[in-house]
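Chain and residue survey
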Amino acid sequence: MKDVVVCGGGVIGLSAAVLLADLGLTVQVIVPNQPVEDVDSPMVHAINLASMRVFEQCQIWQALPQAPMYAMDVSDSKGHIQWTFDAEEAHQPTLGTIVSVSALQARLFERCQAHGRIQLSLGVCAETIAWSEAAVELTLSNGQSCMAQLVVGADGRGSWLRRHICTDVQSQDPEQCAIVATVMLEKGLKGRAWQRFLPTGPMALLPRADGHEAALIWSLDASAGATHMDWDDARFNQAMVQATAGAFGTCVLKTARLSYPLITQISDQFYADRCVLIGDAAHAIHPLLGQGANLGLLDVQVLVALIEQAYSKKRAWNGAQVLSQYQRHRRPDCVMLCQVAHQLNRLCSRQSWMMGPLGACALSMPWIKRALMRYALGHRGSQALPGASLNDTAWT
């Protein structure tokens, strides 16, 4: 029997596995699809300063290709919004760092492979779950079973574990999809992220390690998204130039386009009997704030800190007392940020004649900008991490 079973082999699940194993716990990770690094993958994460600590603890941060983000310019197509977030203004070295999801997952997987307390179950998924007084038992798709004192669900938006612990999900569907790709810009971003609210949804360009490359995340109404995906590369390139108002000269696709639906969702409960949800299994957010991975990594930090506190004092570390504390720390924060992203998308991107001016009015308030900056940097105040106090000197 293991101390912990982690369902999910993505960035959040693998990070949790490494940090829990570093506490001295034995961990089994159920990985349905073995990560393989793809240098052409357009998927990226914007990692804030707080989340960097997770990867430094996992001892992989220095091995990752990185694109620092020093500033971000935010505007809309009608001139109502003109914002700049600047790291120097916030007294920080950067606003964050753009990293490849594929590279990040591959480095974490290698770290798990080399860890003496981690067992990887590859190419399988969990099919049944049963509780006894001694343990939680999972039956896997290969017929084998595994038992643990705690099961961690890091298995994404359609979480198998969430369904089986019978917790409901509150969802908001903006009827949008995101198109992602790597693009080549005639005029590089030079470490500045760029985002514009368009009538059909926000479009963002994030710096990549190659100065003339950028990560495109283009949120569009579902019908427009389907049309954009059907276009050939030449027509799509032309649409990018038009959407950016020529700010970067020519824009040329470097990779294939990927598309996925955008649905905001929050689980009613983040835990059940010796089971806990982290990352997208617990909450999913609109990408316009770039906080999806950071919310999940903060889940990991809080859960590991709470378990470490109990484990070091030889108290029950897998029961309701610890897991309910985790939910109290994390769920309100996730609910709030998911709602902020959802409402900003509505206010700033919709066709209604009121939405643009309303969004401009909201975004003109300095305290809103300061609050968004603090969250973007990963600052949550003294209650962010149990038993720890984060640096909150900026933006006070």
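Residues numbered from 1 in each chain as written. Predicted model: local features only at pLDDT ≥ 70, side-chain atom pairs only at ≥ 80, totals over all residues. Heavy atoms only, no water.

1. Some points on the overall build of the protein
Note the cut-off: Helix and strand definitions here come from DSSP, where helices need a minimum of 4 consecutive H or I residues and strands a minimum of 2 consecutive E residues; each element is numbered from the N-terminal end. With a 1.4 Å probe rolled over the protein chains alone, any residue whose accessible area is under 20% of its type maximum counts as buried; one over 50% counts as exposed, and the rest are partly exposed. Throughout, a contact is declared for two residues whenever any of their heavy atoms are within 4.5 Å. All accessibility values rest on the Shrake-Rupley procedure with a 1.4 Å probe; residue burial counts only the protein chains present in the view.
A tally of regular secondary structure across the protein gives 10 helices and 20 strands. Residues classed as buried in the protein amount to 56% of the 396 residues present. For the protein, the share of sequence-separated contacts (at least 6 apart) that also reach a separation of at least 24 residues comes to 72%. As displayed, the protein has an accessible area near 16600 Å², and 52% of this comes from carbon and sulfur atoms.

2. Let's talk about the pairing of strand β9 (residues 126-131)
The test is simple: Criterion used throughout: strands pair if DSSP finds at least two bridges between them.
As judged from the five bridges shared by β9 and strand β10 (residues 136-140), these two strands associate in the antiparallel manner. Its bridge partner lying in β10, Ile-129 is registered against Leu-138. In this antiparallel pair of consecutive strands, β9 and β10, the connection spans four residues.

3. Details of the side chain of Thr-97
Following the sequence through the fold, Thr-97 ends up in strand β7 (residues 96-100). With sequence-adjacent residues up to four places away left out, Thr-97 is seen in contact with His-45, Ala-46, Ile-47, Met-52, Trp-61, Gln-66, Ala-67 and Pro-68.

4. Considering the packing of aromatic side chains
Basically, it comes down to this: Stacked, edge-to-face and tilted are the three classes for Phe, Tyr and Trp ring pairs, Trp counted by its six-membered ring, which pair at centre distances within 6.5 Å; planes under 30 degrees apart are stacked, over 60 edge-to-face, the rest tilted.
A complete count under the given rule lists five aromatic pairs for this structure. Here the aromatic rings of Phe-55 and Trp-61 are separated by 6.1 Å at their centres, their planes lie at 5°, and the arrangement is stacked. For the pair Phe-55 and Trp-61, one class covers both residues: buried. Aromatic pair Trp-194 and Phe-248: ring centres 5.6 Å apart, planes at 90°, arrangement edge-to-face.

5. Let's talk about the packing of helix α1 (residues 11-22) against helix α2 (residues 49-57)
In plain terms, the rule: Axes, fitted as lines to C-alpha atoms, cover a helix only where it is in contact. Angles between the N-to-C directions of the axes lie from 0 to 180 degrees. Orientation categories follow fixed angle ranges, with anything under 35 degrees roughly parallel, anything over 145 roughly antiparallel, 65 to 115 roughly perpendicular, and all other angles oblique. Two helices that cross are described as forming a left-handed crossing if the nearer one is turned anticlockwise from the farther one by less than a right angle, and a right-handed crossing if clockwise. Classes in brief: Ala, Val, Leu, Ile, Met, Phe, Trp, Tyr, Cys and Pro nonpolar; Asp, Glu, Lys and Arg charged; the others, Gly included, polar.
At their nearest, the axes of α1 and α2 sit 10 Å apart, and the two run at 60° to each other. When the interaxial angle is binned, α1 and α2 end up oblique. Handedness of the α1/α2 crossing: left-handed. Contact residues: Val-11, Ser-15, Leu-19 and Asp-22 in α1; Val-54, Phe-55 and Gln-57 in α2. Taken together, the residues of the contact of α1 with α2 sort by class into four nonpolar, two polar and one charged.

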